[in-house]
There are 2 protein chains.
Amino acid sequence: MAKNLQEKILATASELFYSQGIRATGVDAIAKAANTTKMSLYKYFPSKEELVIAFLRKRDEDFRTWFVAQVDAKAADPKDKLLAIFDVIGEWMDIPEFRGCAFINASAEFPLEGNPVHQLSVEFYDKFRHYIADLAGQCGAKSAESLALQLSLLVEGAIVSEQMKRHSGAAEQAKQAAIMLINGSLT
Amino acid sequence: MAKNLQEKILATASELFYSQGIRATGVDAIAKAANTTKMSLYKYFPSKEELVIAFLRKRDEDFRTWFVAQVDAKAADPKDKLLAIFDVIGEWMDIPEFRGCAFINASAEFPLEGNPVHQLSVEFYDKFRHYIADLAGQCGAKSAESLALQLSLLVEGAIVSEQMKRHSGAAEQAKQAAIMLINGSLT
DNA sequence: ATTGTAGTATACCGCTCGGTATACTACAAA
DNA sequence: TTTGTAGTATACCGAGCGGTATACTACAAT
C-alpha cells in the first residue's frame, strides 16, 4: 500500500477541505476518514499546512487539465471555446458536490497576502486568465487582455453566486453576458 | 459606558472577523482587543455565533446604506447610477483595509447551506441584486432581472479578483463590461 | 445606608487543536 | 535469519478553543 496511502490521505483531505473548509477540518478527522492514523499522515506530510499546499497544487493541476479537456471536447474554434468555457462551468456547478472554487475559498480563509495558501490561489487564477487571454488572442479580439479579464470576472462571479445560492442560473447569465462582450470585442 | 461597551465589542469583533476571518478570530482575542473581558462579552452576546450574526447583520445594514448613498451622490439618472456602482466598488477596493466582501468570505468559511451565517450572506446578495434590478427597471432595460444578475456577477467577480490580487484593475474592467451590457440591454 | 446594575478579575471547565514519542505488527528483500 | 521499511496503536504534549463560576469594584438611584 506504499505510495497508495499517501495518495489516499491526500484525496481524503482534499475532499474534506473542499466540502467543509480548511480551517474547519482537523488533522484527526482526516486520519480517521482515511482509515489510518495521524502518525502515517505526518510521515508523508510534515505539517497540516504542507498538506493544504499539496491539496491546492494537485487541485490546480487536475482542475485545469480537466477544464481544458472539457472545453476542447466541446469546441474547436477559439471563439467557440470562449463560449464553451461557460458551458463547462455550468455543468461543473450542477454536480452536487460543488462548493465553489477551492482557491477562492482558500483565499477567503487565509486572507493575508503573504500567506503561501493565498499565493497559490493567485497563481491559479493567473494561469486561468492567461488561458482565456490566449483564446481571445487567437480569435483576434481587440484587446485580448481586457476581454480575458472581463470574462474571468464573469466566471468568478458566477462561481461565487452559485455557491451562495444554487441553481440561480448564474452560468447561463454569465454566458449571455460573455456573448455580448466577445462580439463587441471582435467587431 | 452602558450601551457603549456592547457596541465597542461588536465593532472590535467586526474588524477582526473581517480582517482575519471568522474562524481565525478567537473570543479571547476579541475581548482583549476591546479592552474588556470575556465575561462582559458573553453578557451581551450569548455565543460566538450570535456575535458573528450580529456582525453580519450590522454589516448588511451599514454597507448597503453607505453604498446607495455613495451611488446617489455620484449620479441622479438610473442608468448613470448603474455605472456609478462600479466607481463606488472601485473606490472601496482602494482603501487599504479592503479584504473582499464579508459575506462572500463568510459563506466560504461556513459552506453548509443550512448554516445561519451562510443564510445571511444569501440574503445580502439577494437585496443587492434587487437594488440593481430596480435601477435596471427604471431605465427600461429589456430584461431587468437578467441585466441585474449579469451586473452582479461582474461586481462579485471584481471583488473576488481584487481580493486575491490587489490593483489588478478589476473594477475598471468590470465597468467597461457593464457599459456594453447596459447599452445592449437598452437598445 | 441600601440595593441594584455594569463591568472587572481570575481561575476554571471539557474539548479539540496541531504535533510527537514509544512501542508494536507485517512483510519483503538480502 | 536478519534487517529495513511501511504502517498501526495509543498515549501524550502544550496551547488554544468556546464558555462558565465566583468573587470582586464602582457607582448611581432610592
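Computed from a predicted structure; not experimentally measured.

What counts and how
Residues numbered from 1 in each chain as written. Chains lettered and ligands numbered in written order. Predicted model: local features only at pLDDT ≥ 70, side-chain atom pairs only at ≥ 80, totals over all residues. Heavy atoms only, no water. Least-squares fit on C-alpha atoms with pLDDT ≥ 70 in both. Contact = heavy atoms within 4.5 Å. Near = heavy atom within 4 Å. Polar contact = N/O pair within 3.5 Å; in protein donor to acceptor, adjacent residues only side chain to side chain. Helix = DSSP H or I, 4+ residues; strand = E, 2+ residues; numbered from the N terminus. Core = buried A, V, L, I, M, F, W, Y, C linked by side-chain atoms within 4.5 Å. Buried < 20%, exposed > 50% of the residue type's maximum accessible area, 1.4 Å probe, protein only. Buried area = accessible area lost by both parts, 1.4 Å probe. Salt bridge = Lys/Arg side-chain N within 4 Å of Asp/Glu carboxyl O. Axes fitted to C-alpha atoms, helices over the stretch in contact; angles between N-to-C directions. Parallel < 35°, antiparallel > 145°, perpendicular 65-115°, else oblique. Nonpolar A, V, L, I, M, F, W, Y, C, P; charged D, E, K, R; others polar. Left-handed = near helix turned anticlockwise from the far one by under 90°. 1 Å grid on protein atoms, 1.4 Å probe; cavity = no way out; pocket = protein on both sides within 12 Å on 5 of 7 lines; lining within 4 Å. Points joined across faces, edges and corners; volume = space filled by probe spheres on them. Domains from an automatic or database assignment.

Section: the relation of the copies chain B and chain A
The two copies are related by a screw operation: chain B maps onto chain A through 180° of rotation and 0.0 Å of translation along the axis, at an RMSD of 0.0 Å. On the angle and the small slide along the axis, the relation comes out as a two-fold axis. Of every C-alpha in chain B, the one belonging to glycine 157 of chain B sits nearest the axis of rotation, 1.9 Å from it. With an isologous cut-off of 70% or more, the 100% of interface residues of chain B that recur at the interface of chain A puts this contact in the isologous class.

Some details on the protein's contact with DNA strand D
The immediate surroundings of DNA strand D are formed by 19 residues, with Thr36 and Tyr44 of chain A together with Val27, Lys38 and Lys48 of chain B found nearest. Within 4 Å of the protein, the atoms of DNA strand D are drawn from sugar and phosphate moieties in a proportion of 52%. Between DNA strand D and lysine 43 of chain A, the relevant distance is 2.8 Å, taken from a base nitrogen to a side-chain nitrogen or oxygen of the residue. Between DNA strand D and tyrosine 42 of chain B, the relevant distance is 2.9 Å, taken from a phosphate oxygen to a side-chain nitrogen or oxygen of the residue. Element by element, the count of residues in the surface near DNA strand D is highest for helix 3 (residues 38-44) of chain A, at four residues.

Quick notes on the nonpolar core
In terms of nonpolar packing, the biggest core is built from 139 residues, with Ile85, Leu151 and Leu154 of chain A together with Leu82, Ile85, Leu151 and Leu154 of chain B touching the most fellow members. If sequence neighbours within four positions are ignored, isoleucine 85 of chain B has contacts with Phe67, Val71, Tyr131, Ile132, Leu135 and Val155 of chain B.

Thoughts on the side chain of serine 121 of chain B
Following the sequence through the fold, serine 121 of chain B ends up in helix 7 (residues 116-138). A distance of 3.0 Å separates the side chain of serine 121 of chain B from the backbone oxygen of phenylalanine 103 of chain B, its partner in a polar contact. In this structure, serine 121 of chain B is in contact with Met164 of chain A together with Phe103, Ala106 and Ser107 of chain B, ignoring residues within four places of it in sequence.

Some details on the interface of chain B and chain A
Residue-level contacts link 42 residues of chain B with 43 residues of chain A. When chain B packs against chain A, the two sides together hide about 3,600 Å² of surface, and 65% of this comes from carbon and sulfur. Three residues, Leu153, Met164 and Gln173 of chain B, lead the burial of chain B against chain A; their summed loss comes to 19% of the area buried on that side. Linking chain B to chain A there are two salt bridges. With a closest N to O distance of 3.0 Å, lysine 165 of chain A and aspartate 126 of chain B form a salt bridge. The interface formed by chain B and chain A includes eight residue pairs in polar contact (both at pLDDT 80 or more). For the side of chain B that touches chain A, the elements supplying multiple residues, two or more each, are helix 1 (2-20), helix 6 (102-109), helix 7, helix 8 (144-164) and helix 9 (170-186) of chain B.

Description of the packing of helix 5 (residues 78-94) of chain B against helix 9 of chain B
Residue and element names in this part refer to chain B. As a packed pair, helix 5 and helix 9 sit with axes 10 Å apart at the nearest point and diverge in direction by 170°. With respect to their mutual orientation, helix 5 and helix 9 come out roughly antiparallel. Where helix 5 abuts helix 9, its residues Lys79, Leu82, Leu83, Phe86, Asp87, Gly90 and Met93 lie against Ala171, Ala174, Lys175, Ala178, Ile179, Ile182, Asn183 and Leu186. Looking at the contact of helix 5 with helix 9 residue by residue, the classes come out as ten nonpolar, two polar and three charged.

What to know about the packing of helix 6 of chain B against helix 7 of chain B
Each pair of packed helices can be summarised by the angle the axes make with each other and by the distance between the axes. Residue and element names in this part refer to chain B. Taken N-terminus to C-terminus, the directions of helix 6 and helix 7 make an angle of 145°; their axes are 8 Å apart at the nearest point. The handedness of the crossing between helix 6 and helix 7 is left-handed. Of the residues in helix 7, those in contact with Phe103, Ile104, Ala106 and Ser107 of helix 6 are Val117, His118, Leu120, Ser121, Phe124 and Tyr125.

Comments concerning the layout of surface pockets
There is about 450 Å³ of room inside the largest pocket. Lining the largest pocket are 18 residues, with Ser14, Glu15, Tyr18, Arg59 and Asp62 of chain A positioned closest to its centre. Counting only elements with at least two residues in the lining of the largest pocket, the list comes to helix 1 (2-20) and helix 4 (48-74) of chain A. By residue number, the principal contributor to the lining of the largest pocket is helix 1 of chain A, which donates seven residues. Split by residue class, the lining of the largest pocket holds nine nonpolar, two polar and seven charged. Built from parts of two domains, the lining of the largest pocket gets at least three residues from each of domain 1 (1-46) and domain 2 (56-186) of chain A. Within this model, the second largest pocket holds a volume of roughly 310 Å³. What lines the second largest pocket is a set of 13 residues, and nearest its centre among them are Ser14, Phe55, Lys58, Arg59 and Asp62 of chain B. Mapped by element, the contributors of at least two residues to the lining of the second largest pocket are helix 1 and helix 4 (48-74) of chain B. Residues of the lining of the second largest pocket, tallied by class, amount to seven nonpolar, one polar and five charged. Inspection of the lining of the second largest pocket shows a minimum of three residues originating in each of domain 1 (1-46) and domain 2 (55-186) of chain B.

Quick notes on the domain arrangement of chain A
All names here are of chain A. Annotation of chain A at the domain level lists domain 1 (1-46) and domain 2 (56-186). A per-residue breakdown of the area domain 1 buries against domain 2 is headed by Tyr18, Ile22 and Arg23, which together make up 80% of the total. Counting across the domain 1 and domain 2 interface gives four residue pairs in polar contact (both at pLDDT 80 or more). Considering only residue class, the side of domain 1 that touches domain 2 consists of three nonpolar, two polar and one charged.

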